[in-house]
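Examining the three-dimensional arrangement
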Amino acid sequence: MRVCNSSYCNTYTVTIKLTASLIFVVFMLLGCEKQSKQLLTVEYKDKDKASRLNLNTATIAEIEKLPEIGPQLAARIVEHREKFGPFRNPAQVILVRGMSDGRFRRIRELISAE
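The structure reproduced in this document is the subject of the present report.

About the thresholds
- Residues numbered from 1 in each chain as written.
- Predicted model: local features only at pLDDT ≥ 70, side-chain atom pairs only at ≥ 80, totals over all residues.
- Heavy atoms only, no water.
- Helix = DSSP H or I, 4+ residues; strand = E, 2+ residues; numbered from the N terminus.
- Buried < 20%, exposed > 50% of the residue type's maximum accessible area, 1.4 Å probe, protein only.
- Contact = heavy atoms within 4.5 Å.
- Areas by Shrake-Rupley, 256 points an atom, 1.4 Å probe, with all protein chains shown as cover.
- Core = buried A, V, L, I, M, F, W, Y, C linked by side-chain atoms within 4.5 Å.
- Salt bridge = Lys/Arg side-chain N within 4 Å of Asp/Glu carboxyl O.
- Patch = residues over 30% accessible without salt bridge, like charges linked within 9 Å, V, L, I, M, F, W, Y side chains within 5 Å.
- Polar contact = N/O pair within 3.5 Å; in protein donor to acceptor, adjacent residues only side chain to side chain.

**Digging into the overall build of the chain**
- Of regular secondary structure, the chain possesses 4 helices and 2 strands.
- Ordering the α and β elements of the chain from the N terminus gives α-β-α-α-α-β.
- Counting the 114 residues in the chain, one finds 24% classified as buried.
- Partitioning the intrachain contacts of the chain with sequence separation of at least 6 by distance along the chain shows that 48% fall at a separation of at least 24.
- With an accessible surface of roughly 8,800 Å², the chain has 60% of that area assigned to carbon and sulfur atoms.

Listed below in structure tokens is the structure:
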């Protein structure tokens, strides 16, 4: 039968328990952080919905106020809306000539299509 030095066994046991506890705490914190970020994102999007620019009712002057949208592109957005009907979702603005994917990604949180 193997007998272990009591101070060595105690140190080893304490180290294992502390490591396991630390790992547990880290995983718990990461899980809570992820969940809280999701809740904050949902709350932010719900509050922000009212302040978004509705592409189906906005004028050329209002659309021009969006970042990287000039007067010509704003006019094309309104022209597209009049020609093809209202936008069903904000992503449809990509169909307008001159609206790149990158430009859309920079304004998508600022627009809506209701």
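**Considering unusual backbone geometry**
- Phi is positive for Glu68, which is not a glycine, with a value near 65 degrees.
- Within the secondary structure, Glu68 sits in the loop between helix H2 (60-64) and helix H3 (71-84).

**With respect to the nonpolar core**
- Judged by nonpolar contacts, the single largest core of 18 residues is most densely connected at Ile63, Ile69, Ile77, Val93 and Met99.
- In terms of residue count, H3 provides more of this core than any other element does, 4 residues in total.

**Things to note about the environment of Ile77**
- Checked against the element boundaries, Ile77 lands in helix H3.
- Residues Ile77 and Ile94 lie 17 residues apart in sequence; the distance between their C-alpha atoms is 9.6 Å.
- In this view, Ile77 contacts Leu55, Ile63, Phe87, Val93, Val96 and Met99; residues no more than four positions away in its chain are not counted.

**Quick look at the pattern of salt bridges**
- One pass over the structure, following the stated rule, counts 4 salt bridges.
- Among the ionic pairs, Arg52 bridges to Glu109, the shortest N-O distance being 3.2 Å. Residue Arg52 is located in the loop between helix H1 (6-48) and strand E1 (53-54), and its partner Glu109 is located in the loop between helix H4 (101-107) and strand E2 (111-112); the two are separated by 57 residues in the primary sequence.
- Judged by its relative accessible area of 33%, Glu109 falls in the partly exposed class.
- Measuring nitrogen to oxygen at the nearest pair gives 2.9 Å for the salt bridge that ties Arg105 to Asp101. Here Arg105 and its partner Asp101 are both found in helix H4, 4 residues apart, which amounts to about one turn of the helix.
- The class for Arg105 is partly exposed, based on a relative accessible area of 46%.

**Some remarks on a nonpolar patch on the surface**
- Nonpolar side chains collect at one region of the surface, where Leu22, Ile23, Val26, Phe27 and Leu30 lie side by side and expose about 500 Å² of accessible area between them.
- Looking at the secondary structure, you find Phe27 in helix H1.
- Taking the relative accessible area as the measure of exposure, Phe27 reaches 58% and is therefore exposed.

**With respect to the side chain of Asn56**
- Its place among the elements puts Asn56 in the loop between E1 and H2.
- The class for Asn56 is buried, based on a relative accessible area of 15%.
- Of note is the side chain of Asn56, whose polar atom sits 2.6 Å from the backbone nitrogen of Phe87.
- In terms of polar contacts, Asn56 uses its side chain to reach the backbone carbonyl oxygen of Glu114, at 3.3 Å.
- Excluding anything up to four places from it in sequence, Asn56 contacts Arg81, Pro86, Phe87, Ala113 and Glu114.

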